[in-house]
Structures are given as C-alpha cells and as structure tokens.
Amino acid sequence: MVIYGTALLAACYLAGIAVGEGIAVLIGVKANVGGVGIAMLFLIVAQHYLQKRGLFHIDTAKGVTFWAMLYIPVVVAMAATQNVIVAVRSGPIALLAAAGSFAACIVFISLLNRIIERAHIASAALAPTSDDHDPASDLSVVPDHR
Amino acid sequence: MFPLLEKTIHEAPLVTAFAFVGAVIWISNQLAHHLTRGRIAGSAIAVLAGLALAFVGGALTGKTKGLADLSLFGGLALMGGAMMRDFTIVATASEVHVDEAKKAGWLGFLALVLGTILPFIVGVGVAFAFGHRDPVTLTTIGAGAITYIVGPITGAAIGASSDVIALSIATGVVKAIMVMIFTPVFARFMRLNNPQAAMVFGGLAGTVSGVSAGLAATDRRLVPYGALVATFHTGFGCLLGPSILFLAVKALFG
C-alpha cells in the first residue's frame, strides 16, 4: 500500500520536528534545532530496518519516493514565494554582508572539498543521470541486502 | 467563461499551484534542452524563473510573499511553504546511502561551525564599515548574515530595534537568494560533485532554502546530504548568536 510509505514518512517528519523542538527547549533556543535532519535520520533507520525484514515493499517505497520526486517542484514554488523585492531593494549593508559572507563560504567550501578529495575522504564524483530518475524503480531490480 | 474559470481556480489553490509549477518546469526544461543544449540544468532555470515570478508578484502587490500574494497563485504559498519543503526534504532521505553520510559526519560539523562564524564576522565587519558601533546592532546584522531566521531571533533576544531586525532579515534573504542562483554557477569551483562535498556545502552555505534550491539546481542526488547538515544550521546559529557571538562582539566593541 502506497499510503504506508507516506504515513511512515509523515510519522518520521512529526517525530523529528518534535525532537528538534524538545532539544530547542532543553538548550533554551527559540528555533527548532535540526528537526528536519533528525526526521531524515529516523526515516533512514526505519527504512533500513523494514528493508532488512523484507517489509519495505515496492508500493511502500513509492509512497516515500513520490514526495522525494516532488522536491524540486516544491523548491520552485518556494522560489516563487520569496520576498525578492526586499532583497533587490535592500541597501548596501544587506547586499555587501550577504555577498561577502557567501563569497567567504564558497572559498572555504572549495578549500575543504579539495582537501577531502586529495585525502580520499570524498567519494568519486557521481555519474550524470537524468533529473527524473525514480529511485523506487531501483528497489525492484536490485534488492537491498545491506 | 472567465468568471467560471476564476471560481474554479479560487476553490482549488493547491491544485492550481501543481499545474502552474508543472508548466513552469516544463518550459524551463524545454529552454534548457533547446537553448543551452542541456548545459544549464532545467531545474536551475526553473528556480530562477520562480524568483523572477516572485519579483513580479512582489512588484504588483507590494507584499512579501512573491507571486503567492496574487490571489490566483495563493496555492504556491502552501506548496512552497515550510511544511511541504521540509516534508519533501525528509522524503529525499530515502535516497541517502548511509555509508556515504557516515564518512563525513565530522566534516559536516566542522562546516557547520565555519558556516556560522564566517558569515557572522563578515556581517559584523560590513556593519562596522558602515559606521555602526553598537554591539546589539552589529550582532543582529552579523546574525542575519548566518540565516534570515537567526537574525531576527538573535535581534529579539538581545533587544535590537525593529529597523535593525528588518535589515538583518533582508541580509539573510539576499544571502539565501544568492545561494540559490550562484550554487550551480560555482559548483565546479566548489568541487560539488559527491555526497561528502554536498555535506560540507550544506554546513557552510547554511540557509535551508538556499541550500535546497541550490543543490536541486546542481544535482538533485546531492540534496539529501546537503540538507541533512543544513537543517542544523539555523538551530546552531540561534544557539550561538545571542550567547557566545554577542558576548564576543560586546567584548570587542562594547
């Protein structure tokens, strides 16, 4: 059943956000601390557990991957609802602070990534594929025995 | 005919948003394929188109939610809101290879620390260069350079005025949009082609919206790795902003 996958995803989402809120209260922060990241970890663990027991059927997987595939459209909708006007009209402080910090980050990302590439911590570059590849279709041909 | 169509659209805002975004992505893919011969990813063009549409919406209505402020496109606010964004990000975790993510956990943390401190220093420096000397103002603008959520939360916690908080939000929004647009441009320079690099990127570039859109436009398989780290960014910034970072600024300029 496809809904099992979507329900599992929803349960992981809610549990993760709740834990993130809990951490925020514990350390006295007014924003959710990593709730989405924790939800992702829950989903990874749950999926791994179900796969090992053969309970993660292809239909269940589809209930998760459909939403993963919707990710880019959602991001496009998000882009269309940004406050671009305030960004364009903001004064030099906002513009320079943003551009400067982004530039500094790019340089450090480049530096770190070159280091981990040399040190062989990074995996090989991903081979090119199409944007629309459905990972659920992989599950049917290659059973996961990890 | 027209009022009939309008009534239908008003009664189904989310469905309208699905159809509309689908059309935007289809046009973007056609442009990418025929105009740039696939050199620029269709999703990169689609994100840019989204931002351009947001500008149009904002210019027409004078409000803050881009195209979603036009009642015809109200559904975009739900489709592109935090709930759907986070729900679909969590779903991408189903594509994570655990071994790849484990390899770079410590790297993600290092990137997170750098991604919080570097923008803050730059933000404080710029504010200082423009003549601000008040530690509260400096800290709030610096925090805005981390993300547009860290800025106002830090500002509110240390008692910044509302115009300073607005400035810090603007700083964060500009940064998020820059990350969306320029990530695919600088992807090669940043060596952004493997899961570990995406985790470093997620920690350093920060803002979930910027990272998620930037990676989507670069290679969607990298999204979950970047997002996994980036989602800790705002919480981490909100933890450090009003505490250690504010105290450091106060010690330096106070």
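Predicted model, so just to flag it, every value in this text is computed and none were measured.

> Help me understand the interface of chain A and chain B, please; the structure alone is not making it clear to me.
Interface extent is often summarised as the accessible area lost during association of the parts. With 72 residues of chain A at the interface, the matching set in chain B holds 96 residues. Of all elements in the fold, only helix H1 (2-27), helix H2 (35-52), helix H3 (58-69), helix H4 (71-80), helix H5 (84-89) and helix H6 (92-118) of chain A reach the threshold of two or more residues within the side of chain A that touches chain B. By residue number, the principal contributor to the side of chain A that touches chain B is H6 of chain A, which donates 21 residues. Each residue belonging to the side of chain A that touches chain B can be placed in one class, and the counts come to 53 nonpolar, 15 polar and 4 charged.

> In this structure, what is going on with unusual backbone geometry? I would like to understand it.
Note on backbone geometry: most residues besides glycine have negative phi, and most peptide bonds are trans. All names here are of chain B. Non-glycine residue Arg191 carries a positive phi angle of around 55 degrees. Its place among the elements puts Arg191 in the loop between helix H10 (162-186) and helix H11 (195-205). Exposure remark for Arg191: the 22 C-beta atoms within 10 Å place this residue in the buried category.

> Even after reading the chapter, I still don't get the environment of Ile153 of chain B, so can you show me in this structure?
With respect to the helices, strands and loops of the structure, Ile153 of chain B is situated in helix H9 (residues 150-158). Residues within four places of Ile153 of chain B in sequence aside, it is in contact with Lys30 and Ala31 of chain A together with Cys238 of chain B.

> I keep staring at the confidence of the model for chain A and nothing clicks. Help me out?
Do not read the predicted coordinates in detail wherever pLDDT is low. Scored by pLDDT, chain A has a mean of 83; 87% of the residues are at 70 or more. Of the regions scoring below 50 in pLDDT, residues 139-146 of chain A engages in 5 contacts with residues more than four places distant in sequence or in other chains.

> Looking at this structure, how should I read the packing of helix H7 (residues 105-129) of chain B against H11 of chain B?
Geometry of a packed helix pair, given as the angle between the helix axes and the separation of the axes. All names here are of chain B. Following both chains from N to C, one finds H7 and H11 inclined at 25 degrees, their axes separated by 6 Å at the closest point. Comparing the axis directions of H7 and H11 gives the class roughly parallel. Helix-helix and strand crossings are classified by hand; for H7 and H11 the assignment is right-handed. Taking contact as the criterion, the partners of Leu107, Gly108, Ala111, Leu112, Leu114 and Gly115 in H7 are, on H11, Gln196, Met199, Val200, Gly202, Gly203, Leu204 and Ala205.

Criteria and thresholds
Residues numbered from 1 in each chain as written. Chains lettered and ligands numbered in written order. Predicted model: local features only at pLDDT ≥ 70, side-chain atom pairs only at ≥ 80, totals over all residues. Contact = placed C-beta atoms within 7 Å. Helix = DSSP H or I, 4+ residues; strand = E, 2+ residues; numbered from the N terminus. Nonpolar A, V, L, I, M, F, W, Y, C, P; charged D, E, K, R; others polar. Buried ≥ 20, exposed ≤ 12 C-beta atoms within 10 Å, placed from the backbone. pLDDT = per-residue confidence, 0-100. Axes fitted to C-alpha atoms, helices over the stretch in contact; angles between N-to-C directions. Parallel < 35°, antiparallel > 145°, perpendicular 65-115°, else oblique. Left-handed = near helix turned anticlockwise from the far one by under 90°.

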